Amino acid sequence: MTSATRPVERPRPTPAILRQGLRVIWIGIRQQKKIFAVAVVGSALWALATVATAWAIGYVTEHAVSPAVESGNVTSRGLWLIFLVLFGVLLVNMTGVVLRRVAASIAGFNLQALYRQRVTRQYLRLPLSWHHSHPSGQLLSNAHADIEAAWQIFNPLPMAIGVIVMLVIAGTQMVLVDPFLALIGFLVFPGLFAANLVFQRVMSPRITKAQQLRAEVAEVAHESFEAGMLVKAMGREQEETNRFGGVTNDLRDSLINVGRTRGMFEPVIEAIPVLGTLAVLAVGTARVASGDLSAADVVEIAYLFSILAFPVRALGWVLAEIPRSVVGFRRVDSVLQAKGSMDYGEGTLPREGAAHSRSEGVSYAYAEPAERAVLGAEDPLEAATLPVGPQRAMAIRDVTLDVPAGRTVALVGPTGSGKSTLTSLVLRLMDPDSGSVTMDSIDLRGVRKGEVPEVGTLVAQQTFMFDDPVRDNVTLGADLSDEVVWEALRTARADGFVSAMPGALDAMIGERGGNLSGGQRQRIALARAIVRKPRLLVLDDATSAVDPSIEQAILGGLRETGDGMTVLVVAYRMATIQLADHIVYVEQGQVMDQGTHQELVTRCEGYGDLVNAYAREAAERAAVAADEETV
Ligand SMILES: Nc1ncnc2c1ncn2[C@@H]1O[C@H](COP(=O)(O)OP(=O)(O)OP(=O)(O)O)[C@@H](O)[C@H]1O
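Quantities reported herein were computed from a predicted structural model and do not represent experimental measurements.

(A) Seen up close, the overall build of the chain. When helices and strands are tallied, the chain shows 21 helices and ten strands. By residue count, 38% of the 631 residues in the chain fall in the buried class. Once local pairs closer than 6 in sequence are excluded, the contacts in the chain between residues at least 24 apart make up 81%.

Structure representation (structure tokens):
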């Protein structure tokens, strides 16, 4: 199960957690002062009206019902009195409930929306190095489940505040009416509150487990559908069915457990106020008989018991919500407080002509898995700001890479040698731990935010496509004419298949570009980069799924139209390598040699071995293709 679907765990409600919970509540209240005040006013009205209902019943019993019973005559004045008093109290009660519920929901959802926006903004602000140490599942969880968990407490909170008001008034009322009956109240209500707390404690882990299993069922179902082809191809249908059956049965058992526990507790909780009412009636009858109390007083107190029984549970809900709220808030806050954002200067980059990129003595180390931040930890580790030490894997070590203006430079090297890391540094997707990266001799750390993407573009092997028309996938919202889009598609050799699609530029390309082949997706991604007319185009294995002859045509085309463009290409094919003006060979994060293909073949053994392997692979592929043609 991914952390994206994992519900927020609930620690035990210790005093420290309760203190932190009150802090979270205070933070929320401060941000939603006005609407929260409306909710509290609504709740206080509801509380007053609820308690007043008992008084109203006592009042109409004394002034309308008892006289009518004694005289055996029902007067219209008596009926009007009953109607007006009860309707008045009911009206205030309803107004209070509406205000409380609507305002509480608005406050809770406002907070959720506010924190979702803050977290998303922060994700975009944080550098790639931070993202490397935070799995995307965790980020999804932050933006969704954690935020919900943090602010869910605002639903029962106003009601719980109203309950406190209610208990204070009811307690005073009971003491004023009769201290003996009040004593029963002071035993019953704390007892009811304690029973609710125990109930919440027992239920909490069971509900959390059911939530986890629900997420697991969804996860397994999602995996089964996603891997449908693999499951069929490998003949694993029965195993998949068993796997799904397993989690489904676990969920069923867990839900039965929740239902059983609830079934055992609820009658007890419901019985407590009923027993209290019986005790009030027993003691009250004796007090009425001895002339110390009126029947109306007893009715009033007995009714108070019945109407307070349910709202008192809101206090238990709030207490039960606090630990979840604390954990959710802690996890979200650790993202909001994360350091490692990039610093920007005020400099600008030229907009015309091909760019000259130079990386001087750059080193970069990714965070070790053990260093990766654990969101919500008391003291989250910020991998992005950790010093480079022997414990951090050096991906790039003291590399100097010069890409002259208007030239095509190929980066060649075995897998894991640091080519992609270098391309990310060249376009300042992350900052090197040491050394500097410049464009046209301007240090990229000193330029304004947004300058580098205006001038340089990266096309990676893994392309992302939006479930939008071709046009939108190329322009990404920029205001560009269809002619410009077609021109970019032509350069990327994508015009042919796009014009054959129904609707051409308006053709939908499906979820993640599912209506296209891998090579077609890569060509759309390439057009997306070309249409921006970058001064520096970085291709990181961006044409791996494209037919070699088409790849050559694309790169050849880029060279022809590219007098205003510098190209840095991570190359895996002989044909691509041969198109480059200059080749840089990297191994284990270091530049081992550079020069022309001929120079490197003769003097660099590693390069020679690698290109021989590429050539063999190309020859084998060509032989297979020839075989297929003759069949
Ligand atoms: N996000 C990451 N977290 C930790 N280590 C990483 C990460 N990305 C890359 N590395 C490590 O950094 C080193 C260089 O990786 P990089 O992706 O730059 O190599 P590459 O030459 O582009 O490889 P390939 O040709 O397979 O794409 C490798 O040892 C790799 O394991």
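After that view of the structure, there is still more to cover.
(B) Representation of the site of the ligand in the model. Close contacts around the ligand come from His132, Tyr366, Ala393, Ala395, Gly413, Thr415, Gly416, Ser417, Gly418, Lys419, Ser420 and Thr421, and that covers them all. Of the residues forming the shell around the ligand, the biggest block, three residues, is contributed by helix H12 (residues 419–426). In terms of residue class, the shell around the ligand is made up of three nonpolar, eight polar and one charged.

(C) Inspection of the sheet that holds strand S2 (residues 393–403) at higher detail. Judged by pairing direction, the sheet is antiparallel, and its four strands sit side by side in the order S2-S1-S4-S5 without closing on themselves. Only two strands of the sheet have a single neighbouring strand rather than two, namely S2 and strand S5 (442–443). Inspection of the sheet shows strand S1 (residues 357–366) paired to strand S4 (residues 434–439) by five bridges, in the antiparallel sense. Paired with glutamate 360 across the bridge in S4 is serine 436.

(D) Here's a closer look at the pairing of strand S8 (residues 566–570). Counting buried positions over the five residues of S8 gives five, a clear majority of the element. Where burial is concerned, the two faces of S8 agree: the one with Thr566, Leu568 and Val570 and the one with Val567 and Val569 are both buried. Bridge analysis of strand S3 (residues 408–412) against S8 gives four bridges, and the strand direction is parallel. Its bridge partner lying in S8, threonine 408 is registered against valine 567.

(E) Representation of the pairing of strand S9 (residues 582–587). Relative to S9, S3 runs parallel, the two being bridged by four bridges. Considered in S9, the bridge of alanine 410 is made with isoleucine 583. Note: S9 against strand S10 (residues 590–595), five bridges, orientation antiparallel. Its bridge partner lying in S10, valine 586 is registered against valine 591.

(F) Region of the structure containing the sheet that holds strand S6 (residues 456–459). Across the sheet, six strands lie side by side as S6-S7-S8-S3-S9-S10; this open sheet has mixed pairing. In this open sheet, the two strands that pair with only one neighbour each are S6 and S10. Across the sheet, the mean angle from the axis of one strand to that of its neighbour is 15 degrees, orientation sign disregarded. Where H12 meets the sheet, it contacts S3, S6, strand S7 (536–540), S8 and S9, and its direction lies at approximately 155 degrees from that of S8.

(G) Quick peek at the UniProt feature "transmembrane region" (unreviewed entry) in the chain. The feature "transmembrane region" (unreviewed entry), as annotated in UniProt, sits at residues 35–58, 78–99, 157–174, 180–199, 268–289 and 301–320 in this numbering. As annotated, residues 35–58 comprises 100% helix and 0% strand, and the C-alpha atoms at either end are separated by 35 Å. Secondary structure content for residues 301–320 is 80% helix and 0% strand, while the C-alpha to C-alpha distance between its ends is 29 Å.

(H) Representation of unusual backbone geometry in the model. Positive phi values are uncommon outside glycine, yet aspartate 398 reaches one of about 50 degrees. As for its position among the elements, aspartate 398 is in strand S2. Even without a glycine there, the phi angle at aspartate 541 is positive, about 55 degrees. With respect to the helices and strands, aspartate 541 occurs in the loop between S7 and helix H18 (548–561).

(I) A look at the environment of valine 177. Locating valine 177 in the fold gives a position in helix H6 (residues 157–177). Between the C-alpha atoms of valine 177 and leucine 293, which are 116 residues apart in sequence, the distance is 8.3 Å. In this structure, valine 177 is in contact with Asp297, Glu300 and Ile301, ignoring residues within four places of it in sequence.

(J) Layout of the packing of helix H1 (residues 15–31) against helix H11 (residues 313–336). Where H1 meets H11, the axes come as close as 9 Å, and the angle between the chain directions of the two elements is 70 degrees. In terms of axis orientation, H1 runs roughly perpendicular to H11. Judged by the sense of rotation from one axis to the other, the crossing of H1 with H11 is left-handed. From H1, Ile17, Leu18, Gln20, Gly21 and Val24 reach across to H11, where they touch Ile322, Pro323, Ser325, Val326 and Phe329. Residue composition of the contact of H1 with H11, by class: seven nonpolar, three polar and no charged.

(K) Broad picture of the environment of alanine 545. Checked against the element boundaries, alanine 545 lands in the loop between S7 and H18. A residue is classified by how many C-beta atoms lie within 10 Å of it, and alanine 545, with 16 of them, is partly exposed. Sequence spacing of alanine 545 and arginine 521 is 24 residues, and the spatial spacing of their C-alpha atoms is 8.9 Å. Apart from residues no more than four positions distant in its own chain, alanine 545 is found in contact with Gly518, Gly519 and Gln522.

(L) Summary view of the confidence of the model for the chain. Summing up the model confidence of the chain, the mean pLDDT is 83 and the portion of residues at 70 or higher is 90%. Contacts for the low-pLDDT stretch residues 1–5, under 50 throughout, to residues beyond four places or in other chains number 15 contacts. Taken as a whole, residues 373–390 scores under 50 in pLDDT and shows 38 contacts with residues more than four places along the chain or in a different chain. Scored by ipTM, the complex comes to 0.96, with pTM at 0.68.

(M) Geometry of H6. In this model H6 runs 30 Å from its N-terminal to its C-terminal C-alpha over 21 residues, within 8% of the 30 Å that 1.5 Å per residue would give. Considered for burial, the residues of H6 that qualify are Leu157, Pro158, Met159, Ala160, Ile161, Gly162, Val163, Met166, Leu167, Ala170, Met174 and Val177. Buried residues belonging to H6 abut H1, helix H2 (33–71), helix H3 (76–125), helix H7 (179–226), helix H10 (295–308) and H11.

So, how was this worked out
- Residues numbered from 1 in each chain as written.
- Predicted model: local features only at pLDDT ≥ 70, side-chain atom pairs only at ≥ 80, totals over all residues.
- Helix = DSSP H or I, 4+ residues; strand = E, 2+ residues; numbered from the N terminus.
- Buried ≥ 20, exposed ≤ 12 C-beta atoms within 10 Å, placed from the backbone.
- Contact = placed C-beta atoms within 7 Å.
- Near = placed C-beta within 6 Å.
- Nonpolar A, V, L, I, M, F, W, Y, C, P; charged D, E, K, R; others polar.
- Pairing = 2+ DSSP bridges.
- Axes fitted to C-alpha atoms, helices over the stretch in contact; angles between N-to-C directions.
- UniProt positions renumbered as here; feature names shortened; annotations may be inferred.
- Parallel < 35°, antiparallel > 145°, perpendicular 65-115°, else oblique.
- Left-handed = near helix turned anticlockwise from the far one by under 90°.
- pLDDT = per-residue confidence, 0-100.
- Expected span 1.5 Å × (residues − 1).

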